[in-house]
Amino acid sequence: MANVSEAPLFGRLTRRGRLMAKRTCDRRGHAFALGRFLFRTPTAWEYAAAVACGSDPAAQRWLGWLPDSVVEESLRAEAMRVVPGTGPDWATPDPHSVDIVAIDLGAGRCAGLVSVHSGEDGGPETGGYLAPGYRGQGLGRDLFAAGLLLAHEHLGLFRVRAGAEVGNVASGRSLEAAGLRRAAGPPRYTLPNGRVSEAWWYQHDSPRPHRCTGPQAQWLAG
Ligand SMILES: [Zn+2]
């Protein structure tokens, strides 16, 4: 789908234009548009930009990454300035997660990341985050709707769950706006840095999921 605001991006660089124009999944990656964003398997540089999008203290309060994974403040702005469509192919460091980045085509930048990954019980979970400039505008709904779309229409999953920390009202509201409903689940979960938090659980079902030609969640196969 063409968009007037994309025109400058297409015009400047042919190779980038080809990458940016990719809207369908193939063996190398997923790609689909939803709301304001293009969601796509990232290049290595886009992935680095996405990590920077979630490295600020406000995001880390909920994400709780290991210190080595967090992009320090002095490097964050530059990392987030990566031009979408640039950088080498990216190989996921985590075989138990399918990650896609949210690209704001109008602004020509990465806006966040959403994933479908293996939860603590081994079942599929979705989760994600937005860059500071994209929070508080209802865009979390599109982010998590993209997580559901990835799970049901690309990875062939009947059910996907999501956890939010008790008190993280913004995240809970976004999950419900995307269509997830509260569900039972373990009262606590452990963040990557070891912090244990109380959890609200949500889930979403699709009666007829579908697999695309893109990379599949191998750990869930069979
Ligand atoms: Zn796909």
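Numbering of residues begins from 1 in every chain and follows the order in which that chain's sequence is written. At least 70 in pLDDT is required for a residue's local features to be given in this predicted model, at least 80 for side-chain atom pairs to be given and counted, and no such filter applies to totals for whole chains, interfaces and linings, which use all residues. Hydrogens are left out, water is left out, and the side-chain values use all remaining heavy atoms of the structure.

J.: Give me the coordination of the zinc ion: which residues, what numbers.
T.: Each metal site is built from N, O and S donor atoms within 2.8 Å (3.2 Å for Na, K and Ca), and since water is not included, such sites may look incomplete. Protein coordination at the zinc ion comes from Cys25 (SG), His30 (ND1), His154 (ND1) and Cys212 (SG), with a distance range of 2.0 to 2.3 Å. Every donor counted, the 4 donor atoms about the zinc ion form angles of 96 to 122 degrees at the centre, which fits tetrahedral coordination. Of note, the zinc ion draws all its donor residues from one chain, in the sequence arrangement C-x4-H-x123-H-x57-C. One end of the pair, His30, is in the loop between helix 2 (14–21) and strand 1 (31–34); the other, His154, is in helix 6 (residues 140–154), and 124 residues separate them in sequence. Of the two residues examined, His30 and His154, each falls in the buried class. Here a site with four donors is tetrahedral if all angles are between 85 and 135 degrees, and a site with four or six donors is square planar or octahedral if opposite donors are over 155 degrees apart and the other angles are between 65 and 115; anything else gets the irregular label. Only runs of H or I of at least four residues qualify as helices and only runs of E of at least two qualify as strands under DSSP, and these elements are numbered from the N terminus. Relative accessible area decides the class of each residue, using a 1.4 Å probe on protein chains only: under 20% of the type maximum gives buried, over 50% gives exposed, and in between gives partly exposed.

J.: Talk me through the pairing of strand 2 (residues 37–40); I want residue IDs and the actual numbers.
T.: Neither face of strand 2 is open: one carries Phe37 and Phe39, the other Leu38 and Arg40, and all of them are buried. Between the antiparallel neighbours strand 1 and strand 2 lie 2 residues, among them Gly35 with a positive phi of about 60 degrees. Paired strands, as defined in this entry, are two strands with at least two bridges between them according to DSSP.

J.: Account for helix 5 (residues 73–80), with residues named and values stated.
T.: Along helix 5, the positions that sit buried rather than exposed are Arg76, Ala79 and Met80. Down the axis of helix 5, the smallest arc covering the buried residues is 85 degrees, so these residues share one side. Residues of helix 5 that are exposed and point more than 90 degrees away from the buried face comprise Ser74 and Glu78. Here, two residues are considered to be in contact whenever any of their heavy atoms come within 4.5 Å of each other. Where the residues of helix 5 are buried, they touch helix 3 (44–53), helix 4 (57–63) and strand 4 (109–118). Think of the arc as the fan of directions from the helix axis to the C-beta atoms.

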